[in-house]
Amino acid sequence: MDEIALIQAAQRGDLDSFNHLVLNYQDLVYSQAYRMIGEDDSAADATQNAFISAFHHLRSYRGGSFRAWLLRIVTNACYDELRRRKRRPTVPLEPLDDAGEEVESPRWMVDPAEQPEERLERAELQRAIQHCLDNLPADFRTTVVLVDVQGLDYYEAAQAIGTPIGTIKSRLARARLRMRDCLQGFMELLPAVFRPE
Amino acid sequence: MKNQISARDYEMISAYLDNQLGAQERAILEARMKVEPELSQAFQDLGKTRLMIRSLPRLRAPRNFTVSAKTLEVRPIMRLAPMLGLTSAIASILLAMIVFSNLFLSTPQQVAMAPAGQAAATTAPLIEAVQSAPSVPLTPTVEAPEVLFQAQPFESPTATTNPALGIGLALPMTPTPGYPTLAVNDQTREAGTSPPTLFYEQPSQTPTPSFVILGNEGIQTATTTGENTPGIGQIPPYFQSETPTATPTETPTPTPTATPSPTPTSTPTITSTQPPTITAKLSPSEVPGMDITAGQGMGNETPTPYGATVQEQPEGGTNLAFLRYVLLATEITLALLAIAAGLAAIIVRIKAGR
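Residues numbered from 1 in each chain as written. Chains lettered and ligands numbered in written order. Predicted model: local features only at pLDDT ≥ 70, side-chain atom pairs only at ≥ 80, totals over all residues. Heavy atoms only, no water.

Q: Would you take a moment to explain the overall build of chain A for this structure?
A: For chain A, the helix and strand inventory stands at 8 helices and 0 strands. Per-residue burial for chain A yields a buried fraction of 46% across its 197 residues. In chain A, 60% of the contacts between residues at least 6 apart in sequence involve partners at least 24 apart. Of the accessible surface of chain A, which amounts to about 10300 Å², a share of 50% is contributed by carbon and sulfur atoms. (Helix = DSSP H or I, 4+ residues; strand = E, 2+ residues; numbered from the N terminus. Buried < 20%, exposed > 50% of the residue type's maximum accessible area, 1.4 Å probe, protein only. Contact = heavy atoms within 4.5 Å. Areas by Shrake-Rupley, 256 points an atom, 1.4 Å probe, with all protein chains shown as cover.)

Here is the structure:
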């Protein structure tokens, strides 16, 4: 069953068709939520809420990029979560290491083919990048994640956020500039290919 | 130098990295990067940053996020929020409609007056006569006109010799500027006696109103002709004269002297076609309290035009007041409902968001 047929069946209330769509897009949606929130439990909650909201508002989908339509819903859910966390700051339950960072066990990020040293370097790089992403303003962060992490083009990103393409260009440039300045503080962690000449 | 590169340049570099520049803009940027080392360095830095960000792996969902009928069930409390919001909006709209309609309906209603032209024609000479006289502020030295209640019964409106005193208008007999004086019995009034009183009486048999003048010398009746019949609100000719002209031995006739008398064609301003039926009763206390003072323009007072205003307040005024109370109660109820529903909707949404 192709995607359009699944969408039409789901719009008629077919729950099985909708769950097929969920399985196709849940990695994308969860990844977006995690990169925006920076926390796996909150990201999971936002992902679940996004899919529930998507089912209730399926009739508002009028065609176009279904991926962009889904990412818009999860982006709004992440904004709600960020506002909620701003009102009520949460304390991490995971233990902290000697550096004060959370000891995460992202088993889903482990590549069995990697060497331990490579795995460690990659993990540290990803932690640094995520740290810099967390320091970006929400709208800058959303834009750079959509384009650079999720691989959307400018048009799809504009649809997902609901802003003009010119705004996408401007926010993306400023977000990358800030990321450059932030990542220069982790220079020793950067692989040689990424270190400035 | 980094500070030489503008935000616009960074935007162009970023778009260039994503292959989002037009052909012309791309050519211009490439030409600039060849001659501007700072621009070229910025291009390098931004490119590496973009690569680092893109190196982040796409995460896999830790579990399946498929939905079931139970997870899709909307909590009942969440259904209240839109309903409460709609209730608040409807109440606010109704309140606004009632308030605006009340503003339009609350314009002061114009009481149906007697024809203004006739009223003006009737009272204008009176007002002019009063106003033309030099205004005399009421001071303790000036005897203000007053209504006297004499305890002398009035027996009959016929010519008798009873020294009757009735309720009427007591005017200062001494010629006082600004006050009309009686034209009769002035010369024969003795010191210490009360001033003669005058009241307006219309016998029921004759349509023509008559004047009954009561003085110390008895009751003298004067009858006016129909053409010169003064009506309510109109000064009888006797009041219009400032100097006494009639002698006590003569039958007083309404003979205007110095002051202009109302023209025969001028008719009193009475909304009713029937002549007024004001009769003197037996005792002064029973005589209806005619507002002669106000009607005769004493002092600086303005005669009250007779017409519908003399009538008692009709029942419509009571109904209007009741309607206004009902509208006020409705407005208060709608305002409270709008505020309560709006606050409840906000609280429900806040709790649902938590």
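Read on for the rest.
Q: Would you mind showing me how to read the interface of chain B and chain A here?
A: Interface size is commonly expressed as the accessible area that is lost once the parts come together. Between chain B and chain A, the residue contacts involve 37 residues of the former and 50 residues of the latter. A combined buried area of about 4200 Å² lies between chain B and chain A, and 62% of that area is made up of carbon and sulfur atoms. The largest per-residue losses of area from chain B upon contact with chain A belong to Met52, Leu59 and Phe65 of chain B, which jointly make up 18% of the total buried on that side. Summed over the shared surface of chain B and chain A, the result is 3 salt bridges. Residue Arg180 of chain A pairs with Asp45 of chain B through a salt bridge whose shortest N-O separation is 3.9 Å. Applying the counting criterion to the chain B and chain A interface returns 13 residue pairs in polar contact (both at pLDDT 80 or more). Listing elements by their share of the side of chain B that touches chain A, those giving two or more residues are helix H1 (7–17) and helix H3 (37–54) of chain B. The element contributing the most residues to the side of chain B that touches chain A is H3 of chain B, with 9 residues. The residue makeup of the side of chain B that touches chain A, split by class, is 17 nonpolar, 9 polar and 11 charged. (Buried area = accessible area lost by both parts, 1.4 Å probe. Salt bridge = Lys/Arg side-chain N within 4 Å of Asp/Glu carboxyl O. Polar contact = N/O pair within 3.5 Å; in protein donor to acceptor, adjacent residues only side chain to side chain. Nonpolar A, V, L, I, M, F, W, Y, C, P; charged D, E, K, R; others polar.)

Q: Could you clarify how one ought to interpret the packing of aromatic side chains in this entry?
A: Counted by the stated rule, this structure contains 8 aromatic pairs over all chains. Among the aromatic residues, those joined into a ring-pair cluster are Tyr25, Tyr61, Phe66 and Trp69 of chain A. (Phe/Tyr/Trp six-rings, centres within 6.5 Å; stacked < 30°, edge-to-face > 60°.)

Q: Which parts of the structure should I look at to understand the side chain of Ser14 of chain B?
A: Note on placement: Ser14 of chain B falls in helix H1. Ignoring any residue separated from it by four or fewer positions in sequence, one finds Ser14 of chain B in contact with Tyr154, Leu172, Ala173 and Arg176 of chain A together with Leu46 of chain B.

Q: When you look at the packing of helix H2 (residues 15–37) of chain A against helix H4 (residues 66–87) of chain A in this model, what are you seeing that I'm missing?
A: For any two helices packed against each other, the geometry comes down to the angle between their axes and how far apart the axes lie. Residues and elements named next belong to chain A. In contact at an axis separation of 9 Å, H2 and H4 are set at 40° when each is read in the N-to-C sense. The orientation of H2 with respect to H4, classified from their angle, is oblique. Considering how the two elements wind past one another, H2 and H4 form a crossing that is right-handed. On the side of H2, the interface is formed by Leu21, Tyr25, Leu28, Val29, Gln32, Ala33, Met36 and Ile37, while H4 contributes Phe66, Arg67, Leu70, Leu71, Val74, Thr75, Cys78, Tyr79, Glu81, Leu82 and Arg85. Residue composition of the contact of H2 with H4, grouped by class: 14 nonpolar, 2 polar and 3 charged. (Axes fitted to C-alpha atoms, helices over the stretch in contact; angles between N-to-C directions. Parallel < 35°, antiparallel > 145°, perpendicular 65-115°, else oblique. Left-handed = near helix turned anticlockwise from the far one by under 90°.)

Q: Help me out: how do you make sense of helix H5 (residues 116–134) of chain A in this one?
A: Every α-helix winds through 3.6 residues per turn, so residues three or four apart in the chain are directed the same way. With 19 residues, H5 of chain A extends 26 Å from end C-alpha to end C-alpha; this agrees with the ideal 27 Å at 1.5 Å per step. Within H5 of chain A the residues assigned to the buried category are Leu125, Gln126, Ala128, Ile129, Gln130, Cys132 and Leu133 of chain A. Its buried side turned inward, H5 of chain A meets H2, helix H6 (138–149) and helix H8 (165–183) of chain A together with H3 of chain B. (Expected span 1.5 Å × (residues − 1).)

Q: Which parts of the structure should I look at to understand unusual backbone geometry?
A: The phi torsion of most residues other than glycine is negative, and most of the peptide bonds are trans. All names here are of chain B. Phi is positive for Asn19, which is not a glycine, with a value near 60°. Structurally, Asn19 is set in the loop between H1 and helix H2 (23–35). For Asn19, a relative accessible area of 56% corresponds to the exposed category.

Q: I tried to follow the packing of helix H7 (residues 154–161) of chain A against H8 of chain A on my own but got confused; where do I start?
A: Residue and element names in this part refer to chain A. Where H7 meets H8, the closest approach of the two axes is 9 Å, and the angle between their N-to-C directions is 100°. As summarised for this structure, H7 and H8 are arranged roughly perpendicular, according to the angle between their axes. In this structure, H7 contributes Tyr154, Tyr155, Ala157, Ala158 and Ile161 to the contact, and H8 contributes Ile165, Ile168, Lys169, Arg171 and Leu172. Residues that form the contact of H7 with H8 fall into these classes: 8 nonpolar, no polar and 2 charged.

Q: Teacher, can you tell me more about the confidence of the model for chain B here?
A: Low-pLDDT portions of the prediction should not be read for the details of their coordinates. All names here are of chain B. Mean pLDDT over chain B works out to 63, with 37% of the residues at or above the 70 mark. With pLDDT under 50 throughout, residues 137–151 is counted as low confidence; its partners more than four residues away or in other chains account for 22 contacts. Of the two predicted TM-score estimates for the complex, the pTM is 0.52 and the ipTM is 0.82. (pLDDT = per-residue confidence, 0-100.)

Q: Just checking my understanding: could you explain the confidence of the model for chain A for this structure?
A: Residues and elements named next belong to chain A. In the predicted model, chain A carries a mean pLDDT of 84, and the fraction of residues at 70 or more is 81%. Within chain A, the element-level pLDDT minimum falls on H5, averaging 86, and the maximum on H6, averaging 95. Taken together, the stretch residues 102–108 has pLDDT below 50 and engages in 14 contacts with residues farther than four places along the chain or on a different chain.

Q: Would you mind showing me how to read the state of the cysteines here?
A: Covalently bonding the sulfur atom of one cysteine to the sulfur atom of another cysteine gives a disulfide. Residue and element names in this part refer to chain A. All chains considered together, the criterion is met by 1 disulfide over all chains. A sulfur-sulfur distance of 2.1 Å marks the disulfide that ties Cys132 to Cys182. The chirality of the disulfide connecting Cys132 with Cys182 is left-handed, given an S-S dihedral of about -85°. On the criterion of sequence distance, the pair formed by Cys132 in helix H5 and Cys182 in helix H8 is long-range, its members being 50 residues apart. Exposure remark for Cys182: the relative accessible area of 21% places this residue in the partly exposed category. (Disulfide = S-S within 2.5 Å.)

Q: I keep staring at H7 of chain A and nothing clicks. Help me out?
A: Most of H7 of chain A is tucked away: 6 of the 8 residues are buried. Within the span of H7 of chain A, buried status applies to Tyr154, Glu156, Ala157, Ala158, Ala160 and Ile161 of chain A. If you follow the buried residues of H7 of chain A, they end up packed against H4, H6 and H8 of chain A together with H1 of chain B. Taken from the residues just after H7 of chain A, Gly162 of chain A is the one with a positive phi, measuring 85°.

Q: Could you clarify how one ought to interpret the pattern of salt bridges in this entry?
A: Side chains that differ in sign of charge can pair as their charged atoms come close. Residues and elements named next belong to chain B. Evaluated as defined, the whole model comprises 16 salt bridges over all chains. Salt-bridge contacts for Arg8 lead to Glu11; the nearest nitrogen and oxygen are separated by 3.6 Å. One end of the pair, Arg8, and the other, Glu11, are both in helix H1, 3 residues apart, so they sit about a helical turn from each other. Exposure remark for Arg8: the relative accessible area of 45% places this residue in the partly exposed category. Taking the shortest distance from any N to any O, the salt bridge between Arg8 and Glu25 comes out at 3.5 Å. Taken together, the positions of Arg8 in helix H1 and Glu25 in helix H2 put the pair 17 residues apart, joining distant regions of the chain. Residue classification places Glu25 among the partly exposed residues on the basis of a relative accessible area of 30%.

Q: Would you take a moment to explain the environment of Arg141 of chain A for this structure?
A: All names here are of chain A. Looking at the secondary structure, you find Arg141 in helix H6. For Arg141, a relative accessible area of 7% translates into the label buried. The sequence separation of Arg141 and Met36 amounts to 105 residues, and the corresponding C-alpha distance is 6.7 Å. With residues near it in sequence (within four places) discarded, Arg141 still touches Arg35, Met36, Leu82, Leu133, Asp134 and Leu136. Among the polar contacts listed, one links the side chain of Arg141 to the backbone oxygen of Leu133, at a separation of 3.0 Å. In terms of polar contacts, Arg141 uses its side chain to reach the backbone carbonyl oxygen of Leu136, at 3.0 Å.

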